[in-house]
Amino acid sequence: MKKFSYEANGYNRSEVNQFVSDVISQTEGIIRKCREQSSEVEKLKKELEHYRTLENTLKTAIMKAEETGDNIKRMAREEHELIVRDAKNNASRIVNEALLKAEKIENQADTLERNMKIFKRKLKVIMEQQMAVVEEIEVLELDPK
């Protein structure tokens, strides 16, 4: 606490005036500082609100990105299943066509083999007949009549 010196009519006026002036200056400084701090608090509140809005926007964007990623994964799985199913169907078709073609070729080979056996038998019969003719000719030439 400040102590003032006494004069004839009470406290020393210049000391009191100086003290009041100092108190006013300090009070004005405190008020100015409070206003600055209030202004700073308002600025920080606005900035905080901006960051909260930004945070909410980012959360929403992340959720949308996750949802989009999940959709892409789901669509990729579906496409994968479709491709695999088509590949299996194509493979089955190709295998079936190859089996049918192999069966056809096998049937043709069997037919050729049967035809070859028939041809050999007929050729053998013809050759035997021709040999008989040749032998008959030899017998005719040997026997002069």
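No experiment lies behind these values; they were computed from the predicted model shown.

*Asks:* Looking at this structure, how should I read the overall build of the protein?
*Replies:* Scanning the protein from terminus to terminus reveals one helix and two strands. Counting from the amino terminus, helix and strand elements in the protein follow one another as β-β-α. For a compact globule of 145 residues, the expected C-alpha radius of gyration is about 15 Å, and the protein comes in at 60 Å, more than 25% above that figure. Put simply, the protein shows about 13900 Å² of open surface, and 58% of that area lies on carbon and sulfur atoms. Where the 27 positive side-chain charges of the protein centre and where its 28 negative ones centre are 8 Å apart.

*Asks:* Sorry if this is basic, but what is going on with a nonpolar patch on the surface here?
*Replies:* A grouping of Phe-19, Val-20, Val-23 and Ile-24 is seen on the molecular surface, where their side chains present a nonpolar patch of about 290 Å² in accessible area. Within the element layout of this structure, Val-23 appears in helix α1 (residues 13-142). A residue is classified by how much of its surface remains accessible, and Val-23, at 32% relative accessible area, is partly exposed.

*Asks:* Mind showing me how you'd approach the pattern of salt bridges here?
*Replies:* Pairing is possible between side chains of opposite charge, provided their charged atoms come close. Inspection of the entire model under this criterion finds five salt bridges. For Lys-45, the salt bridge goes to Glu-42, with nearest N and O atoms at 4.0 Å. Highlighted residues: Lys-45 and Glu-42, both in helix α1, separated by three residues, approximately one helical turn. By relative accessible area, Glu-42 is classed as partly exposed at 41%. Put simply, Glu-113 and Lys-117 hold a salt bridge, and the shortest N to O gap is 3.8 Å.

What counts as what
Residues numbered from 1 in each chain as written. Predicted model: local features only at pLDDT ≥ 70, side-chain atom pairs only at ≥ 80, totals over all residues. Heavy atoms only, no water. Helix = DSSP H or I, 4+ residues; strand = E, 2+ residues; numbered from the N terminus. Rg over C-alpha atoms; globule rule 2.2 N^0.38 Å. Areas by Shrake-Rupley, 256 points an atom, 1.4 Å probe, with all protein chains shown as cover. Lys, Arg positive; Asp, Glu negative; His and termini not counted. Charge placed at Lys NZ, Arg CZ, Asp CG, Glu CD. Patch = residues over 30% accessible without salt bridge, like charges linked within 9 Å, V, L, I, M, F, W, Y side chains within 5 Å. Salt bridge = Lys/Arg side-chain N within 4 Å of Asp/Glu carboxyl O. Buried < 20%, exposed > 50% of the residue type's maximum accessible area, 1.4 Å probe, protein only.

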